[in-house]
Each structure stands twice: as structure tokens, then as C-alpha cells.
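Chain residues, written in single-letter form:
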Amino acid sequence: MTSVILIRSGARFLRVRCRRGGVRIGLPLHPLLPFAPSPTAIPHSSFSSVPTDALSHPAELDEFPGSRGRVVCITSGKGGVGKTTSAASFATGLAAKGYKTAVVDFDVGLRNLDIHLGMERRVVFDMVHVLQGDCTLRQALIRDKRTDGLFMLAASQTRDKEILTIDGVGRMLAGLTGEFDYVVLDSPAGIESGARHAMYFADDAIVVTNPELSACRDADKMVGFISARSRRAELDAAEVTQSLLVTRYDAERVEAEESLSIGDMQELLGLPVVGVVPESKDVLTCTNLGQPVITMEGDASAAGAYADMVDRFLGETDKPLRFVTPEPVSFFKRLFGK
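Here's a quick rundown of the structure. Since the structure is predicted, the reported quantities are computational estimates derived from the model, not experimental observations. (Residues numbered from 1 in each chain as written. Predicted model: local features only at pLDDT ≥ 70, side-chain atom pairs only at ≥ 80, totals over all residues. Heavy atoms only, no water.)

1. Here's the deal with the packing of helix α2 (residues 83-96) against helix α13 (residues 301-313)
And step 1. Viewed as axis vectors pointing N to C, α2 and α13 meet at an angle of 60 degrees, and their least axial separation amounts to 9 Å. For the element pair α2 / α13, the angle class is oblique. The hand of the α2/α13 crossing is right-handed. Mapping the contact onto sequence places Thr-85, Ser-86, Ser-89, Phe-90, Gly-93 and Leu-94 in α2 and Tyr-306, Met-309, Val-310 and Phe-313 in α13.
And step 2. When the residues that make up the contact of α2 with α13 are grouped by side-chain class, the tally is six nonpolar, four polar and no charged. (Axes fitted to C-alpha atoms, helices over the stretch in contact; angles between N-to-C directions. Helix = DSSP H or I, 4+ residues; strand = E, 2+ residues; numbered from the N terminus. Parallel < 35°, antiparallel > 145°, perpendicular 65-115°, else oblique. Left-handed = near helix turned anticlockwise from the far one by under 90°. Contact = heavy atoms within 4.5 Å. Nonpolar A, V, L, I, M, F, W, Y, C, P; charged D, E, K, R; others polar.)

What follows is the structure in C-alpha cells.
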């Protein structure tokens, strides 16, 4: 008879000890397999029972930056504002800057992030398989072929969102933050299960909205929810750092007072603006091609806006906002109206 026990060994590794016929064998496991926060041995079959505090206390991260990766949640109150488009470009931009980045699709039951990254045919295991212990994180993570240091964890298309638990998600994020500089969570809209679990563990939150009143009103609810219901709030740690990303911004409509301005949205939500992405046909084109918008070459305005957003997130807060004023109208356009 063979017995298998997993024990903690070091900061991020586990070892497996097998006893077969009286002989004990020690084998290393992959470092991405999450571990219990104490040296107590746990049977492999109870993988789902590992406590959530395997993800280190937020105060430890704040005091010792780099002790683990940061969890960044891309969220919104209203659907269709461009969260997944933004998550794909944001994660790609971080990886292009040299930060090892994992982007996780939390929209269990639907799943779209893989399409935006051009990985839909490469998904074998998904987040639910990891949570159930059917595979390791290493098996489920998909490496991006175009951007070094970028990996994706897909959502399940066949399971209900209620399969997510605080324990399971915390254990999974403990493994990811032990290996990656940034873990970007592509949250579904609203406050259903997938969104709640993504926001709960966030160190940073980027709230995405369109310049319309209904989207901003729903975004305001998310701001309050993150402030009050996050893990950081429960543990009385420093607040989740929240910022605002405005998508589908049309400066000409704003000038004609047909749309909310940047100032209007800042006043409504009280958040600093991390980026403004103009209305662009490139977004649909890139989605159909399975290519993040930020990778568009040339003078693509949306690609430039996402690149600026990444820079501001990483600390270049003095970078001016582009695409917030109407482009000058040429003489011939004024003359011929085209």
C-alpha cells in the first residue's frame, strides 16, 4: 500500500513523501502548487481545504514590496464597457515592460479572454480544474506566443460561478502571486460570484467605465463595494488602490455636451484617471484577430492610450492624458464636410 503526504518545505515549495513497502521516498513538486501556511501535513485528496491565508497578509506586501506579486482586478458595474479588452492589453503591456504577468479570466460560464489573446484553441485545463485539484497551475497556465512573460488562466465554460469559494480562490492566487509580479483578474460585471471573488483579493482595482451616466452610476457602486468588502478592508490593511479607466471616449461628443467629460466622471467617482481610451474601430478588429489592442502598430490611438495607461499604473503619474480634446479639423474637411 502506498501513502502520500504533502508537507511544506521552504517559502514556496512542497515535497511529497511516499511510503511504499516501508521505504520513504521524497520527491519535489512544482513550485506553483499552493501550500498550507503552517508545516502541518495535508493529504493530497484534501487540496480544496487549504486555508485562504496561504495568500500573505496585505500588510506584508505593503511593507515589503516584491515579497509577492500584486493582484490587480479589472472591474466595472456595467457590462460591455471593455473590461476584457482592457485586461488583455493591460496584462500584455505589463509583460512587455519586463514584468512576469498572469491574467486570469473570472467570468466562469462564459469565457472571452482567451479569444482576445488568440488562445482559444490552446485551452486544455481551466481555473475550475485548478480549484478542484484536477491539475496544477503549471498545467493550466497558457504561455503567450507573442509576448514573453505573459500567461493566461482561462475560465470554465461549463461550470456555474457558484463553484468559486474564498478558500479555493485564495489558494490559487497564493500560487500565482508566488510566481508572478502581477496577477491581473478579468472580472465579470456587477457583484455576482465571479466579480466578488476577484475584487475580494485585489491589491489594486481598475474600474472601467464609458462616459455615460448609467455606466458611471454602476461604477460608483463598485467603488464602494471594493472599499468595504475587500480582504484588505476585512483585515484592516491599507485600502485597495483604485483608479479609473475611461473607454470609448469621444472628445467631439463631449465638446458638443452629448457625453460626460473626464472632469464629470472624476467628480462622480472620486478616482484618479489611469487612462482614457478613445472610440476606435481598432478594438473590434483586434478582437476578431485575437490580438490585444496595445500591440497594434503605427499611430493607432487606442494602442497608444493603453500604453499610456500601463505607464501611469507603473508610476508615471505626470504623463499627460491624450485623446481628450477633439482633433483639429483640416481646411479640406471644413470645406467639403468629409
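And the narrative resumes.
2. Some thoughts on the packing of aromatic side chains
And step 1. Under the criterion given, the structure shown has five aromatic pairs.
And step 2. Ring geometry for Tyr-99 against Tyr-182: centres 5.4 Å apart, planes inclined by 75 degrees, an arrangement best described as edge-to-face. A residue pair is termed long-range when its members are at least 10 positions apart, and Tyr-99 in the loop between α2 and β6 (101-105) and Tyr-182 in strand β9 (residues 182-186) qualify at 83 residues.
And step 3. The exposure class assigned to Tyr-99 is partly exposed, which follows from its relative accessible area of 31%. (Phe/Tyr/Trp six-rings, centres within 6.5 Å; stacked < 30°, edge-to-face > 60°. Buried < 20%, exposed > 50% of the residue type's maximum accessible area, 1.4 Å probe, protein only.)

3. Description of the nonpolar core
And step 1. Within the largest apolar cluster, 53 residues are counted, with the highest numbers of intra-cluster contacts made by Val-104, Phe-106, Met-127, Leu-153, Met-172, Leu-173 and Leu-176.
And step 2. The element that contributes the greatest number of residues to this core is helix α8 (residues 213-229), accounting for six residues.
And step 3. Among the nonpolar cores identified, the runner-up in size contains 35 residues, and Ala-91, Leu-113, Ala-215 and Tyr-306 belong to it. (Core = buried A, V, L, I, M, F, W, Y, C linked by side-chain atoms within 4.5 Å.)

4. Overview of the pairing of strand β12 (residues 273-278)
And step 1. Burial analysis of β12 places six of its six residues in the buried class, the great majority of the element.
And step 2. Bridge analysis of strand β11 (residues 241-249) against β12 gives four bridges, and the strand direction is parallel. Note that in β12 the partner of Leu-244 across the bridge is Val-273. (Pairing = 2+ DSSP bridges.)

5. Details of unusual backbone geometry
And step 1. A positive phi angle, close to 55 degrees, is found at Arg-248, a residue other than glycine.
And step 2. Exposure remark for Arg-248: the relative accessible area of 46% places this residue in the partly exposed category.
And step 3. For Glu-257, which is not glycine, the phi torsion reads 60 degrees and is therefore positive.

6. Some words on helix α11 (residues 262-269)
And step 1. Buried residues of α11: Ile-262, Met-265 and Leu-269, and no others. Looking down the long axis of α11, one finds its buried residues gathered within 65 degrees of arc, a one-sided arrangement.
And step 2. Elements in contact with the buried residues of α11: β10 (204-209), α8, β11 and β12.
And step 3. Remark: Gly-270 follows α11 within two positions and exhibits a positive phi of approximately 65 degrees. (Arc of directions from axis to C-beta.)

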